[in-house]
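# Structural overview
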Amino acid sequence: MPTIGIADTTFARYNMGRAAIDEIQKNVSVKIKRVTVPGIKDLPVAAKKLIEEEGCDIVMALGMPGAKEQDKICAHEASQGIIMAQLMTNTHIIEVFVHENEGKDEKELAFLMDRRTREHALNVIKLLFKPEKLIREAGTGQRQGFEDAGPLRT
């Protein structure tokens, strides 16, 4: 049975880990290993440990960078670390970040954090069980969170 890792943070203002686990469990039967760390810069090592020490086949790295410029820099650094961890382990780590200023208010921000997390959880399932579905979706302008952009019209 495949194992999905969930790494989330206490800095986030929404329980993204719970949303991811709920969506995964609604759709497939897998083992889930979860770890929670303080912030997004802790996610790369948490994800790498889930892969190397807990045997996860794929990991979701869930976090909410703040709205300030320094938070965007931290998010970039965390993204670089996540990419390095993927390359070091040859394993997908699906980064799911929602910046605190992406929503116009707290209600929209909570909606976005839930929806983006759940849509990426479905992507994790596709990567593990039905990669051909991703091939069929290539070039369709899929977006996680808000409405899809759709394909370009030529």
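Residues numbered from 1 in each chain as written. Predicted model: local features only at pLDDT ≥ 70, side-chain atom pairs only at ≥ 80, totals over all residues. Heavy atoms only, no water.

The protein appears in an unreviewed UniProt entry as Riboflavin synthase from Methanosarcina barkeri MS. Recorded in UniProt under Pathway (unreviewed entry), the annotation for the protein is "Cofactor biosynthesis; riboflavin biosynthesis; riboflavin from 2-hydroxy-3-oxobutyl phosphate and 5-amino-6-(D-ribitylamino)uracil: step 2/2." The UniProt entry for the protein carries the following comment under Catalytic activity (unreviewed entry): "2 6,7-dimethyl-8-(1-D-ribityl)lumazine + H(+) = 5-amino-6-(D-ribitylamino)uracil + riboflavin". (UniProt positions renumbered as here; feature names shortened; annotations may be inferred.)

### Concerning the nonpolar core
Formed by 22 residues in total, the largest nonpolar core has its most connected members in Ile4, Ile6, Met16, Ile24, Met60, Leu62 and Met113. Among the elements of the structure, β1 (3–9), α1 (16–27), β3 (58–63), β4 (93–97) and α4 (106–129) are those that each provide at least two residues to this core. Ranked by residues supplied to this core, first place goes to α4 with six residues. Those residues in contact with isoleucine 6 that sit more than four places away from it in its chain are Gly17, Ala20, Ile21, Ile24, Ile32, Lys33, Arg34, Val35, Leu50, Met60 and Leu62. Formed by 17 residues, the second largest nonpolar core is a distinct cluster that contains Val37, Ala47, Ala75 and Phe97. (Core = buried A, V, L, I, M, F, W, Y, C linked by side-chain atoms within 4.5 Å. Buried < 20%, exposed > 50% of the residue type's maximum accessible area, 1.4 Å probe, protein only. Helix = DSSP H or I, 4+ residues; strand = E, 2+ residues; numbered from the N terminus. Contact = heavy atoms within 4.5 Å.)

### Remarks on α4
For α4, spanning 24 residues, the distance from its first C-alpha to its last is 34 Å, which sits close to the expected 34 Å at 1.5 Å a residue. The residue sitting at the N-terminus of α4 and contributing the capping side-chain oxygen is aspartate 105; that oxygen lies 3.2 Å from the backbone nitrogen of lysine 107. (Expected span 1.5 Å × (residues − 1). Polar contact = N/O pair within 3.5 Å; in protein donor to acceptor, adjacent residues only side chain to side chain.)

### Focus on the sheet that holds strand β2 (residues 31–37)
Across the sheet, which stays open at both edges, the four strands sit in the order β2-β1-β3-β4 with parallel pairing between neighbours. Strand pairing shows two members of the sheet lacking a second neighbour, β2 and β4, which therefore form its edges. Neighbouring strand axes in the sheet, compared pairwise and without regard to direction, differ in orientation by 15 degrees on average. The pairing of β1 with β3 spans four bridges and is parallel. Counted as the bridge partner of glycine 5 is valine 59 from β3. (Pairing = 2+ DSSP bridges. Axes fitted to C-alpha atoms, helices over the stretch in contact; angles between N-to-C directions.)

### Quick look at the pairing of β2
Bridging between β1 and β2 involves seven bridges; their strand directions are parallel. Bridged to isoleucine 6 within β2 is arginine 34. Following the chain from β1 across α1 to the adjacent parallel β2, one finds a crossover that is right-handed. (Right-handed = clockwise from strand over helix to strand, strands pointing away.)

### Section: the pairing of β3
Counting buried positions along β3 gives six out of six residues, so the element sits mostly inside the fold. Relative to β4, β3 runs parallel, the two being bridged by five bridges. In the sheet register, valine 59 faces β4, and the bridge partner there is isoleucine 93. Assessed by its sense of winding, the connection that carries the chain from β3 through helix α3 (residues 69–89) to β4 is right-handed.

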